[in-house]
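Observations on the three-dimensional arrangement
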Amino acid sequence: MTIEYNPDDFKSTEIGPGYKSLLEVSDLSVSFVQYQKGLRQRVLKVISNLDISLGSGEILAVVGSSGSGKSLLAHAILGILPNNAICSGKILYKNELLTPERQKKIRGSEITLVPQSVNFLDPLMRVSAQVRTAVRQGNPEEAQKKIFRRYDLSEGVGNQYPFQLSGGMARRVLISAAVINGSKLIIADEPTPGLHPEIVTETLNHLRELTDEGCGVMLITHDISTALQVADKIAVFYAGTTIEITPAADFHGQGQALRHPYTKALWQSLPQNDFTPIPGFQPLPANFSEGCLFAPRCGKITSECTGSLPVMQDLRSGKVRCHHAT
Amino acid sequence: MVNKSLFKFIVNKFLRMIILLTTLCALTFSLVSHSPIDPVQAYIGADMMKVSHAQREKIEEYWGLNQPPIERFERWGKNLLHGDLGNSMIFRRPVIQVIGERFWASIVLMGLAWVISGLLGFIMGIVSGMQRGKWLGRLIKWYCLTLASTPTFWLGLVLLIVFSVWLKWLPIGLGVPAGVLSADVTLGDRITHLILPAMTLSIVGVANIALHTRQKMIDVMASDYILFARARGESGLQLLFRHGLRNVALPAITLQFASFSELFGGAVLAEQVFSYPGLGQATVQAGLRGDLPLLLGLVLFSAVFVFFGNLTADLIYRVVDPRLKEAGDTV
Ligand code: SF4
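Residues numbered from 1 in each chain as written. Chains lettered and ligands numbered in written order. Predicted model: local features only at pLDDT ≥ 70, side-chain atom pairs only at ≥ 80, totals over all residues. Heavy atoms only, no water.

Turning our eyes to something else, we now look at the pairing of strand β3 (residues 59-63) of chain A. A regular strand places its side chains on the two faces of the sheet in alternate fashion. All names here are of chain A. Counting buried positions along β3 yields 5 of 5 residues, so the element is predominantly enclosed. The pairing of β3 with strand β8 (residues 216-221) spans 5 bridges and is classified as parallel. Counted as the bridge partner of L60 is M218 from β8. With 4 bridges joining them, β3 and strand β9 (residues 233-238) adopt parallel strand pairing. Bridging from a neighbouring strand, V63 pairs with V236 of β9. (Buried < 20%, exposed > 50% of the residue type's maximum accessible area, 1.4 Å probe, protein only. Helix = DSSP H or I, 4+ residues; strand = E, 2+ residues; numbered from the N terminus. Pairing = 2+ DSSP bridges.)

Residues and elements named next belong to chain A. For strand β10 (residues 241-247), the buried fraction is high: 6 of the 7 residues fall into the buried class. Sheet analysis places β9 next to β10, joined by 6 bridges and oriented antiparallel. In the strand pairing of β10, Y238 is matched with T241. Hairpin connection between β9 and β10: a loop of 2 residues separates the two successive antiparallel strands, and A239 in this loop has a positive phi of roughly 45 degrees. Two strands pair when backbone bridges link them, and β10 and strand β12 (residues 318-320) are joined in this way by 2 bridges, in the antiparallel orientation. Within β12, the residue paired with I245 across the bridge is K319.

Let us now look at the domain arrangement of chain B. Residue and element names in this part refer to chain B. In terms of domain boundaries, chain B breaks down into domain 1 (2-81) and domain 2 (95-330). Listed by partner, the interface residues are 21 residues for domain 1 and 20 residues for domain 2. Summed over both partners, the interface of domain 1 with domain 2 comes to about 1900 Å²; 81% of that surface belongs to carbon and sulfur atoms. If you look at where domain 1 meets domain 2, you find 1 salt bridge. (Domains from an automatic or database assignment. Contact = heavy atoms within 4.5 Å. Buried area = accessible area lost by both parts, 1.4 Å probe. Salt bridge = Lys/Arg side-chain N within 4 Å of Asp/Glu carboxyl O.)

A word on the interface of chain A and chain B. Taken together, the contacts link 29 residues of chain A with 19 residues of chain B. When chain A packs against chain B, close to 2200 Å² is buried across both sides, 62% of that on carbon and sulfur atoms. Connecting chain A to chain B are 0 salt bridges. For the pair chain A and chain B, the interface holds 8 residue pairs in polar contact (both at pLDDT 80 or more). Broken down by secondary-structure element, the contributors of at least two residues to the side of chain A that touches chain B are α1 (70-78), β6 (111-114), α3 (127-133) and α6 (167-179) of chain A. (Polar contact = N/O pair within 3.5 Å; in protein donor to acceptor, adjacent residues only side chain to side chain.)

Written out as structure tokens, the structure is:
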């Protein structure tokens, strides 16, 4: 993977006051080389020109529908993309470029991942042993016991195998494994899939607690209501890029404070609002067109929209990628 | 609870084996009694012309061939229940003795091939899985695919030509040197006679396990838990030793136990090529010369042998894999 970087390019994209920049992703693109019939190759761009930023003590939710490539954003930041992925753009962690070497050094310690499900644990290894493998400094056993106490996990749980864990316990084990090294940047990739509402709230509270201790949390989810429960900022992910970044507080009323037609429509489609579904589907990476990728489903489309991809612009303490943003 | 379910499982398996064995024997019996091979003729060979009709009838009576097949099968079954497998027609000794003797020759050969092909195949599978897409990985994959379609007897002949005929390093065949008293046969003699057949069987046996392990390794390396392990900072060989081997070894061992039937089948061919006096060779002789008691004995024996291989494979999963072990009573 290659990351091009020109130090002069660096411009802070922080939004909202009071946050020290922890993570800055700008113009990130992730593509895959695919072999088609014969030896023909094609490059499939899955994430394009994505910008996000995150400060300490902040929860940024990246919201997008399932299968839209959000997880790849997490993998790109951690540097664990598959070998056939090409990554460009720049990622800054604590204002310093996150090169592959640096990623390798700090993943698992400074930067960590809270995964989606118990499938992310080795099925043949006892839970406590697995949590211990992550420990970088000090006595692994003590560290594991300490983190288990923090997340209210008994020693008996540690002796179990992943398949024996209940939903809520699995959550807490995954968080313990992730944050055992006191990571500063926590990427939670869909941490609440199909869980009981109580467990969802408990998990989100754990994330909130971590930000109160000064961590930055990037919460990747397909569920806007989950995001709104806890996030400070929401980045809306559509067809491989962010189309709007907004303070969570802007999701209110009829969505008048929101900037992008898609975000508004998303808000309207929630059961507690109008419950009006958005017609059409998100395009797949193979069908990405030149212009605005939301154009086929947008009510405000003009010829300008199909001609060129709108750039990210600042608007009312947020950012939006639309020619006719309001 | 776990023990109870395990017990039930084993009893179940044994019942199935008994049904299988009965069917198998009946089938073998009827196939052989309908086969055009005349055991008397096969036994006497070219001297058949010199045997009078009366003599022939005597032999038939001695072997019990003059009775209807059903009756013979019944009697054989009754004797079997008393532990008597009857006498081999061609060796003129109790079947149980013939099998016992041959078994030791075969078990050394098969055991050696089993261990070598297992270890080698496992390592090859791991390497080619890790090096997938690189030249070493591809080389191993192509080697295995070629081997998987190589007939055992052909490979045996090639090795024979190279090592015995051209290089003259190893003996051409048999289990011991020809024309030497059995008391004078040394361990070294036995070993040199063992090398070629064992090599043939091992080389052929590698392919299956290597390809299987390779695929499993690729799956494991693409799994979510490897991704999470990488996210926590693990990399390279650490991933292999901590998570890879653990998850790949169990299916590989199981497969190796479940492959007893291929092993036995391979041994039949390899022993034939090298005239190695094992069970496989005895099976071929018994079949070609219509030695029904011996053939039935061998069929029973090999079926039980394969059955125990498969049973071990199943048990390993149940006893070792925590997902089955600790969820014991739900299976
Ligand atoms: S750029 Fe045009 S098509 Fe795209 S969202 Fe804005 S108005 Fe709609």
